[in-house]
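# A closer look at the structure
Read off the chains here:
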Amino acid sequence: MKHNYLIAILPPPELSLLIDNVRKECSKKFGVFKALRPPVHITLLFLQDKDDSSEAQLIKSLEAARNFKPFTQNLENYDAFTGNKVVFIKALINKEITSLYRNIKKIVGAASKDLRSQINPHITIAYRDLKDKFPYIHEYYRNERFEASFQVDRFTLLKHNRTEWVKIKAYHARPGDEQME
């Protein structure tokens, strides 16, 4: 059987709850609901239609990406991808998240259909079911402010079980003498 996997940074529970409340407010105000399905997260890589038989190897291979130093991730205000019609909280790009992304992408390799050369970190609050509501949602959040930061000391592998996203494993930072670039 094939499943989708997500390698992501999950903010701490109290911040996730705050952001989830933003998503719920958006959902209620504009009648959009798809962004409520996944947990609050910053996507590092999305792996689509992976065979279950490769799951154990994926879990094992991601151990090598644990060689990173914990870092502070800042979140600031809202933005949108107008082409894809996604409204999100901006996660400010920094060298640490870029390095983590590149290391994970290198480790996962051809298993990822993600063709991005750079990460564009963000936390989605509305997408997929926006249709003609996108300009109104984008305009509303363009004028709103959001600011938070949190310590990234792990990333998480999640699997979609055809109903919901389930956490498979959290990979805690384990920096070593030979820090990965």
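Residues numbered from 1 in each chain as written. Predicted model: local features only at pLDDT ≥ 70, side-chain atom pairs only at ≥ 80, totals over all residues. Heavy atoms only, no water.

Scanning the protein chain from terminus to terminus reveals four helices and eight strands. Its C-alpha radius of gyration of 16 Å places the protein chain within 12% of the 16 Å reference for a compact globule of 181 residues. Along the first, second and third principal axes, the C-alpha set of the protein chain runs to 45 × 35 × 30 Å. Sequence-distant contacts in the protein chain: of pairs separated by 6 or more residues, those separated by 24 or more amount to 79%. A total accessible area of about 10,100 Å² is found for the protein chain, and carbon and sulfur atoms account for 49% of it. (Helix = DSSP H or I, 4+ residues; strand = E, 2+ residues; numbered from the N terminus. Rg over C-alpha atoms; globule rule 2.2 N^0.38 Å. Contact = heavy atoms within 4.5 Å. Areas by Shrake-Rupley, 256 points an atom, 1.4 Å probe, with all protein chains shown as cover.)

If you walk across this open sheet you meet the four strands as β2-β1-β7-β8, and the pairing is antiparallel. Every other strand in the sheet has two partners, leaving β2 (42-51) and β8 (165-172) as the edge strands with one partner each. Each strand of the sheet is rotated relative to its neighbour by a mean of 20°, with strand direction disregarded. Sheet topology note: the strand β7 (residues 154-160)/β8 ladder contains seven bridges and is antiparallel. Each residue of the ladder has a partner; that of Arg 154, found in β8, is His 172. In this fold helix α3 (residues 95-108) packs onto β1 (2-9), β2 and β7, with an angle of close to 10° to the strand it touches most, β2. (Pairing = 2+ DSSP bridges. Axes fitted to C-alpha atoms, helices over the stretch in contact; angles between N-to-C directions.)

Here helix α4 (residues 134-142) has its buried residues at Phe 134, Ile 137, His 138 and Tyr 141. Burial along α4 is one-sided: seen end-on, the buried residues are contained in an arc of 100°. (Buried < 20%, exposed > 50% of the residue type's maximum accessible area, 1.4 Å probe, protein only. Arc of directions from axis to C-beta.)

Taken together, four strands build an open sheet; the order of strands is β5-β4-β3-β6 and the sheet is antiparallel. Edge positions in the sheet fall to β5 (122-126) and β6 (147-152), since each has one partner strand and no second. Neighbour-to-neighbour, the strand axes of this sheet turn through a mean angle of 35°, independent of strand direction. Sheet topology places strand β3 (residues 71-81) next to strand β4 (residues 86-91); five bridges connect them, and they run antiparallel. From the neighbouring strand, Ala 80 faces β4, where its bridge partner is Val 87. Set on the sheet, helix α1 (residues 13-30) makes contact with β3, β4, β5 and β6; between it and β5 the angle comes to about 35°.

All right, on to α1 then. The end-to-end C-alpha separation of α1 is 25 Å, in line with the 26 Å expected for 18 residues at 1.5 Å each. What α1 keeps buried is the set Leu 15, Ser 16, Ile 19, Asp 20, Val 22, Arg 23, Cys 26, Ser 27 and Phe 30. On an axial view of α1, the arc spanned by its buried residues comes to 150°, and they lie on one face. Turned more than 90 degrees off the buried face of α1, the exposed positions are Pro 13, Glu 14, Leu 17 and Lys 28. Packing partners of the buried residues in α1 comprise β3, β4, β5, α4 and β6. (Expected span 1.5 Å × (residues − 1).)

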